[in-house]
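# What the coordinates show
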Amino acid sequence: MDLAPGTEVRVKDDWPETRGPCHIRTPHYVRGRRGRILRRLGAFPNPEDLAFARPAPTRALYHVLFDETALFPDSRQGDDLLVELFEHWLEPA
Amino acid sequence: MSTLVETDAETLLAALRGLLAAKGLATPAEIAERLAITEKASPAQGARIVAKAWTDPAFRARLLADGTATVEGLGIPMRGAPPLGVLENTPDLHHLVVCTLCSCYPRAVLGYPPFWYKSAGYRARAVRDPRGLIAEWGTKLPDTTRIRVVDSTADYRWMVLPLRPAGTDGWSEDALAALVHEGDMVGVSVPSAG
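Residues numbered from 1 in each chain as written. Chains lettered and ligands numbered in written order. Predicted model: local features only at pLDDT ≥ 70, side-chain atom pairs only at ≥ 80, totals over all residues. Heavy atoms only, no water.

### Brief notes about the overall build of chain A
To be explicit about the condition: Secondary structure elements follow DSSP: runs of H or I no shorter than four residues count as helices, runs of E no shorter than two count as strands, and numbering proceeds from the N terminus. Radius of gyration here uses only the C-alpha atoms, and the compact-globule reference equals 2.2 Å multiplied by the residue count raised to the power 0.38.
Along chain A, the regular secondary structure elements total two helices and five strands. Helices and strands in chain A line up, N terminus first, as β-β-α-β-α-β-β. At 14 Å, chain A has a C-alpha radius of gyration in line with the 12 Å of a compact globule built from 93 residues. With the principal axes as the frame, chain A shows a C-alpha extent of 40 × 30 × 20 Å.

Given below as structure tokens:
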């Protein structure tokens, strides 16, 4: 999967912490929310494996932009929020 | 375990250094080199980078395109450090950096994160109410300036390139660098010549 800048994405509404020990770099407040790809930052070993000393395949890392109002409805229109998210947390919106 | 926990930190450190050397993992010289690099990293390094970017357009363009390689060119050691990204403030867009998950911070260029950056209050409020937060720092932005919160969640480390203050035409790099403080490169504050 290669997501071009501008692609609309949705962050998976997944909560692995309810299923057992895990290490996740996807903040709670963006899960299930829609954003768009700003740019691809590179590929890095998956921290979810690294944290448990498992073999960690590299995953594409994207800078994903969200409208603040899509996360917190009473925010100022026009403000936004940029988060680094790994490809396996993103699906086309 | 209780004896370990109660052992004096200096004794523990000496034991750890001894083990690292005995196992061939790190020599005393390598440890001394890392200590020197860590101690040299401070907001003054970041301020020097900002002042150069304000006075040298070609450097500024390279810095925004590839922070790591460009600051290495200034003699700042980046080997082993996470990649550095630089976020350019403009009259229309102001960046505010936070790490909601822990305390990721561009240590290679700014040194240790300040205490407030690691606090639960800062981490929660930067994403939830960035305007209220920076107002409490006394930071005033034009009403037309948008805020972009940058949550540092993964492998990059982010530093803000603030706007050059008005009234600084013709200033030397050293004089400009003296205007730039830690918070300006996180985005809670903005430099001023006044």
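### Re the nonpolar core
Stated formally: Residues belong to a common nonpolar core when they are buried Ala, Val, Leu, Ile, Met, Phe, Trp, Tyr or Cys residues joined through side-chain atoms within 4.5 Å. A simple rule labels every residue: compare its accessible area, found with a 1.4 Å probe on the protein chains alone, to the largest value its type can have, and call it buried under 20%, exposed over 50%, or partly exposed in between. Residue contacts follow a heavy-atom distance rule, with two residues in contact if any of their heavy atoms lie within 4.5 Å.
Core analysis: the biggest nonpolar cluster contains 69 residues, and Leu90 of chain A together with Tyr122 of chain B have the highest contact counts within it. Aside from chain neighbours lying at most four places away, what touches Leu90 of chain A is Met1, Leu3, Val9, Arg10, Val11, Lys12, Ile37, Tyr62, Val64 and Leu85 of chain A.

### Some points on the pairing of strand 4 (residues 157–161) of chain B
Summarising burial for strand 4 of chain B: five of the five residues are buried, a large majority. On strand 4 of chain B, burial covers both faces: Arg157, Met159 and Leu161 of chain B on one face and Trp158 and Val160 of chain B on the other are all buried.

### Regarding the sheet that holds strand 5 (residues 90–92) of chain A
Applied cut-off: Any two strands with at least two DSSP-identified bridges between them are counted as paired. The axes are straight lines fitted to the C-alpha atoms, using for helices just the contacting stretch, and the angles between their N-to-C directions are given from 0 to 180°.
With mixed pairing, seven strands are arranged side by side in an open sheet as 5(A)-1(A)-2(A)-3(A)-4(A)-3(B)-2(B). Each end of this open sheet is capped by a strand with a single partner; those strands are strand 5 of chain A together with strand 2 (93–98) of chain B. Averaged over all neighbouring strand pairs, the angle between strand axes comes to 35 degrees, with direction disregarded. Relative to strand 3 (residues 58–67) of chain A, strand 2 (residues 34–45) of chain A runs antiparallel, the two being bridged by eight bridges. Bridge pairing links Ile37 of chain A to Val64 of chain A in strand 3 of chain A. Helix 8 (residues 120–128) of chain B contacts strand 4 (80–86) of chain A together with strand 2 and strand 3 (146–151) of chain B of the sheet and is inclined by roughly 150 degrees relative to strand 2 of chain B.

### Looking at the interface of chain B and chain A
This is how the line gets drawn: As used here, buried area is the combined drop in accessible area, with a 1.4 Å probe, of two parts when they are placed together. Salt bridge, as used here, is a side-chain nitrogen of Lys or Arg placed within 4 Å of a carboxyl oxygen of Asp or Glu. Two N or O atoms form a polar contact when they lie within 3.5 Å of each other; inside protein one atom must be a possible hydrogen donor and the other a possible acceptor, and for residues adjacent in sequence the pair counts only when both atoms belong to side chains. Residues are sorted three ways: Asp, Glu, Lys and Arg are charged, Ala, Val, Leu, Ile, Met, Phe, Trp, Tyr, Cys and Pro are nonpolar, and all the rest, Gly among them, are polar.
Each side of the interface is counted separately: chain B has 23 residues, and chain A has 23 residues. For the pair chain B and chain A, the summed buried area comes to about 2,000 Å², and 48% of that belongs to carbon and sulfur atoms. Applying the counting rule to chain B against chain A returns five salt bridges. The salt bridge partner of Asp79 of chain A is Arg131 of chain B, with a shortest N-O separation of 2.7 Å. Applying the counting criterion to the chain B and chain A interface returns 18 residue pairs in polar contact (both at pLDDT 80 or more). Those elements that provide at least two residues to the side of chain B that touches chain A are helix 8, helix 9 (130–136) and strand 3 of chain B. Per-element tally for the side of chain B that touches chain A: the top contributor is strand 3 of chain B, with six residues. Residue composition of the side of chain B that touches chain A, by class: 13 nonpolar, three polar and seven charged.

### Here's the deal with the packing of helix 4 (residues 43–55) of chain B against helix 5 (residues 57–65) of chain B
Two numbers describe a pair of packed helices, the interaxial angle and the distance between the axes. Residue and element names in this part refer to chain B. Threshold: Small angles under 35 degrees read as roughly parallel and large ones over 145 as roughly antiparallel, with 65 to 115 read as roughly perpendicular and the rest as oblique. In this scheme the handedness of a crossing depends on how the near helix is turned from the far one: anticlockwise by less than a right angle means left-handed, clockwise means right-handed.
Closest axis-to-axis distance for the helix 4/helix 5 pair is 5 Å, and the angle between their directions is 125 degrees. On the basis of the axis angle, helix 4 is oblique to helix 5. In this structure, the crossing between helix 4 and helix 5 has a hand that is left-handed. Note on element contacts: helix 5 touches helix 4 through Pro57, Phe59, Arg60 and Leu63, opposite Ile49, Lys52, Ala53, Trp54 and Thr55. Classifying every residue of the contact of helix 4 with helix 5 gives six nonpolar, one polar and two charged.

### Description of the environment of Trp158 of chain B
Position of Trp158 of chain B among the secondary structure elements: in strand 4. Judged by relative accessible area, Trp158 of chain B falls into the buried class, the value being 4%. Residues Trp158 of chain B and Asp129 of chain B, spaced 29 residues apart in sequence, show a C-alpha to C-alpha distance of 20 Å. Filtering out sequence-adjacent residues up to four positions away, Trp158 of chain B remains in contact with Leu41, His63 and Glu84 of chain A together with Gly85, Val86, Leu87, Val97, Pro106, Val150 and Ser152 of chain B. At 2.8 Å, the side chain of Trp158 of chain B forms a polar contact with the side chain of Glu84 of chain A.

### Concerning the side chain of Thr145 of chain B
Within the secondary structure, Thr145 of chain B sits in the loop between helix 9 and strand 3. A distance of 2.8 Å separates a polar side-chain atom of Thr145 of chain B from the backbone oxygen of Pro91 of chain B.

### Digging into the pattern of salt bridges
Under the criterion given, the structure shown has 16 salt bridges over all chains. The shortest N-O distance in the salt bridge between Arg31 of chain A and Glu17 of chain A comes to 2.9 Å. Taken together, the residues Arg31 of chain A in the loop between strand 1 (8–11) and strand 2 and Glu17 of chain A in the loop between strand 1 and strand 2 connect sequence positions 14 residues apart. Judged by relative accessible area, which is 33%, Glu17 of chain A ranks as partly exposed. Taken together, the shared-partner salt bridges connect Asp80 of chain A together with Arg146 and Arg148 of chain B into one network.

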